[in-house]
Structures are given as C-alpha cells and as structure tokens.
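Chain residues, written in single-letter form:
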Amino acid sequence: MKPARLLLLLSGCALLLAPAVRGCGPGRVVGSRRRPPRKLIPLAYKQFSPNVPEKTLGASGRYEGKIARNSERFKELTPNYNPDIIFKDEENTGADRLMTQRCKDRLNSLAISVMNQWPGVKLRVTEGWDEDGHHSEESLHYEGRAVDITTSDRDRNKYGMLARLAVEAGFDWVYYESKAHIHCSVKSEHSAAAKTGGCFPGRALATLEDGARTPLWALRPGQRVLAMDGAGRPTYSDFLAFLDKEPRALTSFHVIETREPPRRLALTPTHLLFVAENASAPAARFRPTFASRVRPGHFVLVAAGGGGLQPAEVVGVRNRRDVGAYAPLTRHGTLVVDGMVASCFALVQEQHLAQLAFWPLRLYHSLVGWPGAQGDGVHWYSGLLYRLGRLLLPPDSFHPLGVPQADS
C-alpha cells in the first residue's frame, strides 16, 4: 500500500477513536449532575470554517454562474421577510432579501441563535444577492448563495461569536472576512456540490433480507440489505449509517437505464457504479466508475430473479432533479438500489481504498452497536476523511467536482 494511503487509513482510525476516548466513562445516572453545554469558541479574525477553500466540495461547492432577474434560474431565489432579521438593502431594490432556500433556512436559524445569545439584538444582513457586479468574479453573492452579516448593534466585539453561531446554524462556509462583517455561504440547491459526495434519492428502494423493499430514507441501523461482496456475489450486509442525509435538498441526479432486464437508477454524478465494457466480464472484474462517466453500451450489474447478479447493458443516461439525497453505508461498502449494484462511496474512484478508509467506522459500530437517531447533513467521519484525502492524495484522485476552485 502506498504510504499516503496508509497514512489516510491510520489518520481515519485516529479521528474516529479520538472522540470515543474523550467520551469514555460511565453514562449519566439518575441524580447525577448534567454536563455543562458545549462551549462555543469564537472564530478569529480572517479564520474560515471549514478550513478549506470556499468553492470546494467540502465547503460551498463550485460557482455555477450569475443569476439575473431575467434568467431562468431567477426562480431559484426566494425572498426572506423574517421580521427578526434586519436587511440593509442600500440599493432599495429588495435584492438583499433574495437568496436560495438553503441560504434562507440557515439564515433564519442563525437569527434565532443571535437573539438567544444577545437578548435585544437582531441579525443584520448587509449584502445578499448581488445583481450589480459589486463583488469579485465568481462570487457566490451572484447566485444568492452568500450573505454578509453583522449584529444590529454593530458591536464588532460580537463578530467572532457571530461567525461561530453561523457555523452552528449550518452555513457550509463561514469567513471572518472583515472587521466590518462576517461572510457566509451555502452549497447549491441542485448541483452535485450540494451533496459533498454521492447520494441517491430518498425514495429509491433497497431490498431487505426478508425480500421486502424499503425506501432509503426509512433505513435503520442494523437492518440487512442486499449488497455485493468482494468476490462479486450477492450478500446481505448490515446498514451502518448515512454518510450524507439531506431530506429536503433539491438535487441533480444522473439516471442510468438498462433494458434487459429493465432497471433505472438515479444517483449523483460523483457516485461509483460497477461497470464493464462487455457482458462476459465476471462480476468481480466490474470496475468502480463515476456515474458521470457511464455511457450507453457499458454494462452494469443488476439483481436478477432467483437472487443472483447479472450484467445488463446501459441503454440510456439522462439527468433528473429530485428532492431528498441519501448516502447509505453498509458493512460491505456496496448495496443494491432500485435493482442495480452500486458502491456506497463517491469522489475517489477506488472502491478498495474507500472501504479501507471506513474500516475504523465499521469497527466502531461493531464495538458499540448502533447509535441513536442520526441528524441531517454530512456524517462527521466522512467529512473529516474528505479533508484528509485532499491533503494526502493527488488532485487527479478525485472527481472533478471535488477539486478546489478559486476562492471568491
């Protein structure tokens, strides 16, 4: 194994075990004192979170083009009339109130946090959607995906904590950019960048051990779903967790269609499918391939009658937008979704490396069992592995959507 890849695996172990070690000890018992709430640490001037460039897949994703009032994409913007937020609106056009739904949701959440943190103080937006070209080239302000914020009292001593509250509110990238404001941005509503990796629609179906089919959104840890083992044979594998879970996200999917037998699978472009050039290749020789590179004439693996797997020729590839995006992780690193065999992984076109990198997470679940209900968003472990991978692996290891773009 190459040293960089070995280091990635070992680092993953350390990242997983570090919080587990800090959390060791007896659980809370009746009559014991509650632990104090987690202390929030303000961001320092010029600090950004996460610590990656803004327009990378690990943050807010790539720039997708300016939105004008007369463009088709203008309908993606929604006005924010929250009375708990003050909009500067110096242009007197209402532009600062226009933003994507994702940005609006995070901003409204932040407004509540600001009032709780400083009673009598409100959140103030100084810049939102920009239609006049006042920002740098390819700024996310041109897409309604970025806001510049202060507190209503303009107390600059509060801005470091304001930035931290913005991180906690779910903004995908927060930057203490200026002494005068905090810059916040979010992922695109409809691009693969919004998913920080690879996902399926929530209504896509997995097959349980008893033969029943269940939508991905309804999967529960410990359930066994149809998958493929390392030798290319069908097996039932434990569902462990969602590597990403976005129930309300509007996402752009690639739809892969076969005819004999007929199957149709929707997945994000960075997700891995098992593909061969001809039908004679054994299942174990089907190569993990990004969905965006699958073409008609390729062969994929599908579930056949009698519980086996067989090759099926791809006859069509198209795009579709759908609501909800889920990335299930199984113990084998594969699963059958809507009758087609797919990987659990994305971004890096190496199934074996990804399976190794997630070994500590599988070990963790083997030792401690199944956690409680999982929140929405990217699983902390997959997010940290992505950042490690960006440091340790060459850029050409990643799907182009995962390669950093220039900052705004």
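Structural data are supplied above this passage.
Caption draft 1: How the structure looks around unusual backbone geometry. Going from Ser49 to Pro50, the amide bond is cis rather than trans, its omega being 0°. Relative to the assigned elements, Pro50 resides in the loop between β1 (48-49) and β2 (78-79). The step from Glu260 to Pro261 runs through a cis peptide bond, and the omega angle for that step is -5°. With respect to the helices and strands, the residue Pro261 is situated in the loop between β12 (234-259) and β13 (262-267). One non-glycine residue, Arg154, lies in the positive phi region at around 55°. Here Arg154 lies in the loop between β6 (146-151) and α3 (159-168).

Caption draft 2: View of the sheet that holds β6. If you walk across this open sheet you meet the six strands as β1-β7-β8-β6-β5-β3, and the pairing is mixed. Each edge of the open sheet carries a strand with a single partner, namely β1 and β3 (85-87). Summarising the sheet, β3 and strand β5 (residues 123-127) pair through three bridges and their orientation is parallel. Note on β5: the bridge partner recorded for Ile85 is Leu123. Taken strand by strand, helix α2 (residues 101-117) contacts β3, β5 and β6, and its axis lies near 140° from that of β5.

Caption draft 3: Examining helix α5 (residues 359-368) more closely. Considered for burial, the residues of α5 that qualify are Pro360, Leu361, Arg362 and His365. Residue Gly369 follows α5 closely and has a positive phi angle near 85°.

Caption draft 4: Geometry of the packing of aromatic side chains. Tallied over the full model, the rule gives 10 aromatic pairs. When the centroid spacing of 5.8 Å and the interplanar angle of 85° are considered together, the rings of Trp380 and Tyr381 count as edge-to-face. Chaining the aromatic ring pairs together yields one cluster made of Phe345, Phe358, Trp380 and Tyr381. The ring of Tyr142 is capped by Lys66, whose NZ or CZ atom sits 5.0 Å from the centre of that ring. Directly above the ring of Tyr45 sits Lys179, whose terminal nitrogen or CZ lies 4.2 Å from the centroid.

Definitions and limits used
- Residues numbered from 1 in each chain as written.
- Predicted model: local features only at pLDDT ≥ 70, side-chain atom pairs only at ≥ 80, totals over all residues.
- Heavy atoms only, no water.
- Helix = DSSP H or I, 4+ residues; strand = E, 2+ residues; numbered from the N terminus.
- Pairing = 2+ DSSP bridges.
- Contact = heavy atoms within 4.5 Å.
- Axes fitted to C-alpha atoms, helices over the stretch in contact; angles between N-to-C directions.
- Buried < 20%, exposed > 50% of the residue type's maximum accessible area, 1.4 Å probe, protein only.
- Phe/Tyr/Trp six-rings, centres within 6.5 Å; stacked < 30°, edge-to-face > 60°.
- Lys NZ or Arg CZ within 6 Å of the ring centre and 35° of its normal.

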